[in-house]
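# Breakdown of the fold
What follows is each chain in one-letter form.
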Amino acid sequence: MLLYYQWLVALISFYVLACCAYNLRYMLRTPTRWLPEDAVPRVSILVPARNEERNIVPCLESLVAQDYPNLEIIVLDDGSTDATPDLVKEICSRHPMVTLRRGLPLPPDWHGKAWACHQLAQVAAGDWLAFVDADSRLRPDTVSSAVALARANDLDLISLLPEMGRKSFGVQLLLAVIPFVFMGCVPQPLFTRAQHPLMTTAIGPFMLFRRKVYQRFGGHAAVRRDIVDDVYLARWVKRVGGRVALADGAATLYVEFYRDFREAWRGLGKSAFAAFDYAVGGMLLALGAAALVFVGPYLFVYSAWRQSLSDSAHLWLPLLQISLVWLAMWLICERLAIPRRHALLIGLTVLSVVLLGLHSIVQSVLGPGVVWKERTYQFRPH
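## Some thoughts on the pairing of strand E3 (residues 98-102)
Of the strand pairs in this sheet, strand E2 (residues 71-77) and E3 are connected by five bridges, and their pairing is parallel. Directly across from Val75, in E3, lies its bridge partner Leu100. For the handedness criterion, the β-α-β arrangement of E2, helix H3 (residues 84-94) and E3 is classed as right-handed.

Given below as structure tokens:
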């Protein structure tokens, strides 16, 4: 029985490797050559900002440097208590294409980012709406590449998987799970072709919507209670007949994400339980499966070493499983500029995320709920 189990885990590990290799080969990718046309659609770059004095200036400097010929940049200050609005005003004084809006008070039953993005969309004039997080850094061709990709592939929403390197060890350890999940679970082209809303994904730092489709499902008002708004927005696009793609944007987009391990733990933790729609059973099942497939092999190898075992079930098959997953993560590290040592640490990454997921459940069920940027949310399925 144990031997059958080990072969099953080996097959799953091989699938992860094959899926990573396929995605790295066939995912849409920036930069894409922009072909000038007579009618260049207007793009509104929309930046929600709450207490972003550490990030807002480099973000806006990268936005005003875009080579796209027809854009506007609107920043919404969402009740910041730091120097964010003053820093934005200084940028506005030097770059007329940038405007600052003051956010209205947060209404009940909304989370802050959705409310800020909703207000931004109301004042935007673009045919395309590019929602950009304040911790994003764009290369000058990011917007033009994204628009070119979207138009060439008839997409209604495109988000970009950013470069994931240049972070502290602890932050990188946790964040490595993001590309591992996106690259290793499902072939990304299938997310674009499949019609079912559950067969899609997106990532929030850069999301470019075709405006008419965004308005068709109600925009951010449709996800006002969804902390994991990026994925649920992608599902709404699918529900109204739109096409979605996650593209490899490592060459054109970098995101600061989190400053240290503690901030990364809190940031990922706020989304973990919500990503499973607050279903305790479903999340525990997923965490258990992840632990068995990606952490279990290390325990078998350790046990074989301690007991001097050398049979396939206790040693060689677990070593094969570990090697396959290491190779899959190594391919991801190569593409997304992640230090290669994190390929060897993917087991520790998964273990950390399993513990984070359990903490997220406890925090939501027994604790105050989701706490982020001095706001507390206690949303449940609806």
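## So, helix H1 (residues 2-26)
Residue pairs spaced three or four apart in an α-helix point in one direction, given the helix's 3.6 residues per turn. With 25 residues, H1 extends 36 Å from end C-alpha to end C-alpha; this agrees with the ideal 36 Å at 1.5 Å per step. Residues Gln6, Val9, Ala10, Ser13, Val16, Leu17, Cys19, Cys20, Asn23 and Leu24 constitute the buried set of H1. The inward-facing, buried residues of H1 abut helix H7 (177-184), helix H8 (188-193), helix H12 (280-307) and helix H13 (312-336).

## Overview of the side chain of Asn23
With respect to the helices and strands, the residue Asn23 is situated in helix H1. Separated by 3.2 Å, the side chain of Asn23 and the backbone oxygen of Val186 make a polar contact.

## Details of the environment of Trp305
Tracing the backbone through its elements, the reader meets Trp305 in helix H12. For Trp305 and Leu315, which are ten residues apart along the polypeptide, the C-alpha to C-alpha distance reads 8.2 Å.

## Quick notes on the packing of helix H2 (residues 56-64) against H3
Interaxial distance between H2 and H3 falls to 10 Å at its minimum, and their mutual angle equals 25 degrees. Considered as vectors, H2 and H3 are oriented roughly parallel to each other. With respect to the hand of their crossing, H2 and H3 are arranged in right-handed fashion. Counted together, Ile56, Val57, Leu60 and Glu61 of H2 and Leu87, Val88 and Ile91 of H3 form the full contact between these two elements. Considering only residue class, the contact of H2 with H3 consists of six nonpolar, no polar and one charged.

## Brief notes about H12
Most pronounced at Val295, the bend in H12 amounts to some 50 degrees, and the proline Pro297 follows within four residues. Residues Met283, Leu287, Val293, Phe294, Val295, Gly296, Pro297, Val301 and Ala304 constitute the buried set of H12. Considering only its buried residues, H12 is in contact with H1, H7, helix H11 (261-275), H13 and helix H15 (346-365). Ser308 sits one or two residues past H12 and shows a positive phi near 55 degrees.

## What to know about the nonpolar core
Grouped together as the largest cluster of nonpolar side chains are 109 residues, with contacts concentrated most on Val43, Ile45, Leu63, Phe206, Leu208, Phe209 and Met329. Element by element, the count of residues in this core is highest for H13, at seven residues. The residues touching Leu208, leaving out its near neighbours within four places in the chain, are Val43, Trp128, Leu129, Ala130, Ala146, Val147, Ala150, Asp156, Leu157 and Ile158.

Criteria and thresholds
Residues numbered from 1 in each chain as written. Predicted model: local features only at pLDDT ≥ 70, side-chain atom pairs only at ≥ 80, totals over all residues. Heavy atoms only, no water. Pairing = 2+ DSSP bridges. Helix = DSSP H or I, 4+ residues; strand = E, 2+ residues; numbered from the N terminus. Right-handed = clockwise from strand over helix to strand, strands pointing away. Expected span 1.5 Å × (residues − 1). Buried < 20%, exposed > 50% of the residue type's maximum accessible area, 1.4 Å probe, protein only. Contact = heavy atoms within 4.5 Å. Polar contact = N/O pair within 3.5 Å; in protein donor to acceptor, adjacent residues only side chain to side chain. Axes fitted to C-alpha atoms, helices over the stretch in contact; angles between N-to-C directions. Parallel < 35°, antiparallel > 145°, perpendicular 65-115°, else oblique. Left-handed = near helix turned anticlockwise from the far one by under 90°. Nonpolar A, V, L, I, M, F, W, Y, C, P; charged D, E, K, R; others polar. Bend = angle between axes of the 7 residues up to and from the residue. Core = buried A, V, L, I, M, F, W, Y, C linked by side-chain atoms within 4.5 Å.

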